[in-house]
Amino acid sequence: MSMLEQYRDWAASRSAPRISDWLREISEPDWSATVNHPLFDALGEGRLAGDDFAAYMVQDYGFVDPFTALIGHAIGHAPGMDDRVVLGQFMGMLTSDENSTFQRTFETFGVADQAPDYLPETQAFQRLLRDTGQSGGYAELLAALVVTEWVYLEWALRVSRVDGLHPLMGEWIDLHDNPAFQEFVAWLRRRLEEEAETLDDATFTRMAECFRDTVAKERAFHDAVWARFE
Ligand SMILES: Cc1ncc(CO)c(N)n1
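Per an unreviewed UniProt entry, the chain is named Aminopyrimidine aminohydrolase, and its organism is Halomonas salipaludis. Looking at the chain in UniProt, the text filed under Pathway (unreviewed entry) is "Cofactor biosynthesis; thiamine diphosphate biosynthesis."

Here it is, written out as structure tokens:
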């Protein structure tokens, strides 16, 4: 059975089927392992040392570079101005507010301004983002974006925040659970679903595999970062 047939089978047994929910389901257990990652509990509960937070942010900035390029590809591949505006505004936030959080974190925790050592799992994630950016169609680009943003929204909404949390850690959570970000993730899911409805078998399969692979990379990345702190 093709992926598209598997989705149709799944959808037939639900009252309000959504492709993004099916994609999330077929990406278990990696999806839940990422959303419920102990790294995020430690972050919200103030149990993450400043240097460890900075080390995580260094690795994450290695993610952000090809991720920003991937958004550029998505802006180019989008069918028209409506999508380009939404993606462009997100790109604007990423390269201003969010970039500033990274820069102030590096300054605050004295991260040396040198080429960092990226973990093998960071490098593998970078390769996926670069490959998808360079050769993926719009649906695959949206699939990668839905994963990375939806996973971050889910953990940020989930974690509890202690009083007196370091302001930069609070800022990191704020960036991923604020109402504008929630709206952006809802838009991404809707657009992915609309695009997926138009795909032939082979392209639908590539989109679903890209989704699953991105979730696996998310889990591996956070496992690898966390393993260095324990
Ligand atoms: C690894 C990773 N995934 C997703 C996000 C959210 O953009 C992020 N900052 N880092």
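Participant: Could you clarify how one ought to interpret the overall build of the chain in this entry?
Facilitator: Per the secondary structure count, the chain includes 11 helices and zero strands. Secondary structure elements of the chain occur, N-terminal to C-terminal, as α-α-α-α-α-α-α-α-α-α-α. For the chain, the C-alpha radius of gyration of 18 Å lies close to 17 Å, the compact-globule estimate for 230 residues. Expressed along its principal axes, the backbone C-alpha trace of the chain runs to roughly 50 × 35 × 35 Å. Sorting the 230 residues of the chain into buried and exposed places 34% on the buried side. Across the chain, contacts joining residues at least 24 apart in sequence account for 83% of those joining residues at least 6 apart.

Participant: Help me understand the UniProt feature "domain: Thiaminase-2/PQQC" (unreviewed entry) in the chain in this model?
Facilitator: Sites flagged by UniProt as "domain: Thiaminase-2/PQQC" (unreviewed entry) map to residues 29-226. Here residues 29-226 runs as 81% helix and 0% strand, with 18 Å between its end C-alpha atoms.

Participant: For this particular structure, what's the right way to read the site of the ligand?
Facilitator: Every residue lining the ligand is accounted for by Asp-60, Phe-63, Thr-148, Glu-149, Tyr-152, Glu-218 and Phe-221. Of all elements in the fold, only α5 (50-77), α8 (138-158) and α11 (201-227) reach the threshold of two or more residues within the shell around the ligand. In the shell around the ligand, the residues fall into three nonpolar, one polar and three charged.

Participant: How should the UniProt feature "active site" (unreviewed entry) in the chain be read in this particular structure?
Facilitator: When the UniProt feature table is mapped onto this chain numbering, "active site" (unreviewed entry) sits at Glu-218. Positionally, Glu-218 belongs in helix α11. Other than its neighbours up to four places away in sequence, Glu-218 contacts Thr-34, Val-147, Thr-148 and Val-151.

Participant: Hey, could you run me through the packing of α8 against helix α9 (residues 167-177) in this one?
Facilitator: Two packed helices can be described by the angle between their axes and the distance between those axes. Between α8 and α9, whose axes approach to 8 Å, the crossing angle comes to 120°. Judged on the interaxial angle alone, α9 and α8 are oblique. By crossing handedness, the relation of α8 to α9 is classed as left-handed. Contacts between α8 and α9 involve Tyr-152, Leu-153, Ala-156 and Leu-157 from the former and Ile-173, His-176 and Asp-177 from the latter. In terms of residue class, the contact of α8 with α9 is built from five nonpolar, one polar and one charged.

Participant: Explanation requested: the nonpolar core in the structure shown.
Facilitator: A general trend in soluble globular proteins is that nonpolar side chains are found buried together. By size, the foremost hydrophobic cluster in this structure holds 51 residues, and its most contacted members are Leu-142 and Ala-143. When residues of this core are assigned to their parent elements, the largest contribution, 14 residues, is made by α8.

Participant: Just to check I follow, could you spell out the environment of Thr-214 for this structure?
Facilitator: Inspection of the secondary structure puts Thr-214 in helix α11. Judged by local crowding, Thr-214 falls into the buried class, with 24 C-beta atoms found within 10 Å. C-alpha of Thr-214 to C-alpha of Ala-143: the two residues are 71 residues apart in sequence and 8.4 Å apart in space. Setting aside its immediate chain neighbours within four residues, Thr-214 contacts Leu-128, Ala-143, Ala-144, Val-147 and Thr-148.

Participant: Could you clarify how one ought to interpret the confidence of the model for the chain in this entry?
Facilitator: Regions with low pLDDT should not have their predicted coordinates read in detail. Summing up the model confidence of the chain, the mean pLDDT is 97 and the portion of residues at 70 or higher is 100%. Confidence metrics for the complex model read pTM 0.97 and ipTM 0.99.

Participant: Even after reading the chapter, I still don't get unusual backbone geometry, so can you show me in this structure?
Facilitator: Most peptide bonds adopt trans geometry, and most residues besides glycine take a negative phi value. Cis geometry marks the peptide bond from Glu-28 to Pro-29; its omega dihedral reads 5°. Along the chain, Pro-29 turns up in the loop between α2 (19-26) and α3 (30-35).

Participant: Would you mind showing me how to read the environment of Asp-60 here?
Facilitator: By the element assignment, Asp-60 lies in helix α5. Judged by C-beta crowding, with 18 C-beta atoms within 10 Å, Asp-60 ranks as partly exposed. Taking the C-alpha atoms as reference, Asp-60 lies 19 Å from Gly-46; in sequence the two are 14 residues apart.

Thresholds applied
Residues numbered from 1 in each chain as written. Predicted model: local features only at pLDDT ≥ 70, side-chain atom pairs only at ≥ 80, totals over all residues. UniProt positions renumbered as here; feature names shortened; annotations may be inferred. Helix = DSSP H or I, 4+ residues; strand = E, 2+ residues; numbered from the N terminus. Rg over C-alpha atoms; globule rule 2.2 N^0.38 Å. Buried ≥ 20, exposed ≤ 12 C-beta atoms within 10 Å, placed from the backbone. Contact = placed C-beta atoms within 7 Å. Near = placed C-beta within 6 Å. Nonpolar A, V, L, I, M, F, W, Y, C, P; charged D, E, K, R; others polar. Axes fitted to C-alpha atoms, helices over the stretch in contact; angles between N-to-C directions. Parallel < 35°, antiparallel > 145°, perpendicular 65-115°, else oblique. Left-handed = near helix turned anticlockwise from the far one by under 90°. Core = buried A, V, L, I, M, F, W, Y, C linked by C-beta atoms within 7 Å. pLDDT = per-residue confidence, 0-100.

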